[in-house]
Amino acid sequence: MTSQAQDATAPRGDLFDPACPTRRLLDRIGTKWTSMAVKVLAEAAPGEVRFAELLRRMPGVSQKMLSVTLRSLVRDGLVARRVEPTVPPSVHYRLTGLGLSLETVLAAVRNWAEEHMAEIDRANELTDTQEA
């Protein structure tokens, strides 16, 4: 049986079960930094992006937060990391096939957020004035 066939027959998680690993995965892929990193890497696909370029293209992210985010994406198999043995080392990242499949989903969420942000802002303002 292929790994894809095994994956297709594996039981699905139960999001409402506190022990479900799906919750931990959603915590990781649901962050703004993950969404931004995946978007930058998807724009370069199938090519690679150096760490410094990712840092430059993701305004507001700290070097430490970007490093933590990329480490998590690599661990989850969504991003591949390549280190050139130079001084200092040159580190390159690219999306894997799994990461590219995530970009489709994250792009839909980003598009929804951009389309509905004004409505969300109005609802926040209305709630804030009612609570004041």
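Refer to the structure above for everything that follows.
Parameters at a glance
Residues numbered from 1 in each chain as written. Predicted model: local features only at pLDDT ≥ 70, side-chain atom pairs only at ≥ 80, totals over all residues. Heavy atoms only, no water. Helix = DSSP H or I, 4+ residues; strand = E, 2+ residues; numbered from the N terminus. Contact = heavy atoms within 4.5 Å. Patch = residues over 30% accessible without salt bridge, like charges linked within 9 Å, V, L, I, M, F, W, Y side chains within 5 Å. Areas by Shrake-Rupley, 256 points an atom, 1.4 Å probe, with all protein chains shown as cover. Salt bridge = Lys/Arg side-chain N within 4 Å of Asp/Glu carboxyl O. Lys, Arg positive; Asp, Glu negative; His and termini not counted. Charge placed at Lys NZ, Arg CZ, Asp CG, Glu CD. Buried < 20%, exposed > 50% of the residue type's maximum accessible area, 1.4 Å probe, protein only.

A. Broad picture of the side chain of Ser 35. Mapping Ser 35 onto the fold places it in helix α3 (residues 32–44). Those residues in contact with Ser 35 that sit more than four places away from it in its chain are Leu 106 and Arg 110.

B. Representation of a negative patch on the surface in the model. The grouping of Asp 121, Glu 125, Asp 128 and Glu 131 at the surface amounts to a negative patch. One can find Asp 121 in helix α6 (residues 97–131).

C. Quick look at the environment of Asp 14. As for its placement among the helices and strands, Asp 14 is situated in the loop between α1 (3–9) and α2 (21–29). A relative accessible area of 43% means that Asp 14 is categorised as partly exposed. Asp 14 sits 16 residues away from Gly 30 along the chain, and the two C-alpha atoms are 17 Å apart.

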